[in-house]
Structure formats: C-alpha cells, structure tokens
Amino acid sequence: MAPAITLAAETELSAANTGFMLICSALVMLMTPALAFFYGGMVRVKSTLNMLMMSFISLGIVTILWVLYGFSLAFGTDSGSLIGWNADWVGLSGVDKNELWGSYNIPLLVFMVFQLMFAIITPALISGALADRVKFTAWALFITLWATIVYFPVAHWVWGEGGWAFDMGVIDFAGGTAVHINAGAAALGVILVIGKRVGFKKDPMRPHSLPLVMLGAGLLWFGWFGFNAGSWLGNDDGTGSLMFVNTQVATAAAMLAWLAYEKIRHGAFTTLGAASGAVAGLVAITPSGGAVSPVGAIAVGAIAGLLCAMAVGLKYKLGYDDSLDVVGVHLVGGIVGSLLVGLFASGKGQSDVEGLFYGGGLEQFWKQCAGVFAVLAYSLVVSAILAFVLDKTIGMRVPEDDEIAGIDQAEHAETAYDFSGAGGGAARTAVPAPVAETAASKKVDA
C-alpha cells in the first residue's frame, strides 16, 4: 500500500484518481456491513443481532478515534520507527481540503478516509472469534483500547514513512500483516483468555442462515476490489489493475481449492465452504497481489484455500473456541499470503523485488518473516493482556444463563426474527426449523 510505494511526483490534484479513491473508500466501508452479514449468518439465531452489532459499532468508535488521533499516530512524522505524530492532524484541525497527500495527486483527506475504512474493519474481524459470549460494553471498550494500542502503531510500522517494517522493505500491499494477521492474532489472544462457549464440542452450533453467509461473502468479494486495487492510490501505472485482476484470480482459486478439499475430506461441496474459501483467497492475495503475476495469484489462492480449510479444524484438536474461524482464515491466510511474496514476487508488479522462484533468492522471504511474526507476536500478547484486564475489571463475558438463553435478548433486548405473527395460535410459539446439516458442520458435532 502507498505510501510505501513511490510514484511520479505531481503537483496538481488529479480529479480521476481522487474520484477513484473516493469510490474505493466507499467500497471498503461496505465491507464492514458485509462482514456483519457474513458473521451474522454463521451464528445461531439467538446471537444474530449481537454479531451484526459487533461489526457495526466499529464504524462508530473507530471513526471518531481515527479523526481525533488515530490518523496522526499511524501516518504522522515517525518517532523511533514505532509510532507517528502530527499535531496538525489531531481532529483534522490543521488539514486544508486542497492539501495533497505527499507526492501523490489525491487530497490528504481522501487518503485519510480510505485508511479509516481499513482501521474500521480490522477490529470488526476479531469479533467473529468471540461470538455468543462477550458483553457488548466490554467489546466496545476493547475496540477503543485495541485500536489505540495495537492497530494504530502496527499500521505505522507497515505503511507509515519511517516505520521499521516500511524501512526494512516488508511488502504488504493492502493489509496481510496490518489487517489480517493483526486481527487473527488478536482473536487468538482474546479467546485464550475468555474461554470457550457453553456447549463447545457438545452442542450443535451450525450456521442459522447460509443465504446470509453467501450474501456477506459476495459483498465482501465486491468491496475487496476497492480494498486491494485502491491501495495503489490511483491508476497512473497499471499496478492497481494488476491487483484488481489478481484479487479475482486468487479468490476463485482459493474457493475451488477449499471445495476440493471439502469434497475429499467430508464428501460434499458446501455453501459455507465456498464462502469461506473465497474469503481465504481474498485474505491471502491482499498482501501479495501487487507483487505476483496472475499465474502466481492462482498459486497463492490455491495454497491459501487448502491450508485455511485444513486449519479451521485445529480448534477442535487443540481446544480453543474460535467461533467463526477467524484464526483459521484470517491469521493463517494472512501468514500464507505474506510469506508467499518471498517466493512468487515477479519483479514486474509494484516493484522490481523478485522472490525465490524468480531468481531473487530468499532475501525478501526473510523480510516477510520478520514482518509477519513481529505483528503476530505483538498483537497476540497485547490483545491477551487487554482482554485479561477487562475480564478482571468489568468482565468480558455475559452470565452463563444469558449465553444459553441468547445474547441478543440479554444485550440488545431484541431478536433477529419475529415469529409471533406467523400463522395461527400454535404457530406463535414455533421456532425456526433447523438448518440442514452440511458436510462441513458434521465435524463441528463430532
């Protein structure tokens, strides 16, 4: 992602690039409601609204934090290669509407709002691991602290001029480390602290609405073109076009690889598998798509689809309750996509860096390892500490009775579906018919 990329300096605002970036910003904003639908369909009926709200609240909280100080911390003048600061950007009080972003031909405000959408969706990704059991007030406070202590500094490391990963040459086109590994490691840290859902590995916990899951996945796929192609900050040299193509190619390859694994392993092609495979491909191509060729994107997607499909079952073997496979898809997919840059970088995309398979040796691979494991370790440890402190003070989990009865009613005084008007008197107490068991869900009940 720019500004870690150098384009030809221009002194005048480009209406074309500015319009393009505003559209991309809107597409990335759409991804957070899309994520809400994706996650909301994957949980049981009694948790649907809570899952939607855990994403939506990020739109409110992170927007205010970003304007007040987050943008300054992430992209301000570097201090010690760890954090940024620019007093003129606090509350955007010193930003003129015509001020350009560095040597780029788009306004600073446009870059700011594009990056805001990344900052919003990253903590929302974490929520999928915590389904059914976290107090909404605790979650809101966690987002506030996590964005401030984890996301803003990591964004500076990776994308801010002077950040240590930036200066090292770690390639992360649109967020493999800063977004997906960051969120996936945080999810693992929190769930290790707060524990499992009531009935984990005993009760059926199948998705209540696979159509909602597919709708969310489709909207994520659509919005991801803005997420990825927009990260070049314009259309001046064709790199954004390469990223757009690679986003489509890798996602398709990952979906097919996941479905093939699922058919061999479980005997059926499931809609949940198709949706999850697509998201795994989107995650993996996010850091690598500007550096690899379309054929390389096929490899990245296929490898990620296969490894993520294998990884989601680890929670049953290792005993951690990652409700909606944030660790298996986002952490693993982010690691795969980031590391494969060191193997498949063609030298003909965003830079002349070549990976191992293109004659460049392992130099870039080791740089990618440094970025991946530093972000993973930092986010995992700090997120676990934040969850521990919140759990010991205000409490992170809802009472067990509320979890069993349904977190929607307990936390939001609402239910996702009203069946009171369906049919005659007897139908007023009816509950929705159980979702047909898929091959993927059989292993949940095993």
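The model shown is predicted, which means the values in this text are computed figures rather than measured ones. (Residues numbered from 1 in each chain as written. Predicted model: local features only at pLDDT ≥ 70, side-chain atom pairs only at ≥ 80, totals over all residues. Heavy atoms only, no water.)

Counted under the stated rule, the structure contains six salt bridges. Residues Glu363 and Lys367 are paired through a salt bridge, measuring 3.7 Å at the closest nitrogen-oxygen approach. Here the residue Glu363 and the residue Lys367 both occupy positions in helix H13 (residues 363-393), the gap between them amounting to four residues, near one helical turn. Owing to a relative accessible area of 54%, Glu363 belongs among the exposed residues under this scheme. Lys367 sits in the partly exposed class, given a relative accessible area of 22%. (Salt bridge = Lys/Arg side-chain N within 4 Å of Asp/Glu carboxyl O. Helix = DSSP H or I, 4+ residues; strand = E, 2+ residues; numbered from the N terminus. Buried < 20%, exposed > 50% of the residue type's maximum accessible area, 1.4 Å probe, protein only.)

Moving on to helix H12 (residues 326-344). Its 19 residues place the ends of H12 25 Å apart at the C-alpha level, agreeing with the 27 Å of an ideal helix rising 1.5 Å per residue. The element H12 is extensively covered by neighbouring structure, given that 18 of its 19 residues are classed as buried. (Expected span 1.5 Å × (residues − 1).)

Applying the stated rule across the entire model yields 26 aromatic pairs. With centroids separated by 5.9 Å and ring planes inclined at 45°, the aromatic side chains of Trp89 and Trp101 adopt a geometry described as tilted. One end of the pair, Trp89, is in the loop between strand E2 (83-85) and helix H3 (108-126); the other, Trp101, is in the loop between E2 and H3, and twelve residues separate them in sequence. We classify Trp101 as buried; its relative accessible area is 9%. (Phe/Tyr/Trp six-rings, centres within 6.5 Å; stacked < 30°, edge-to-face > 60°.)

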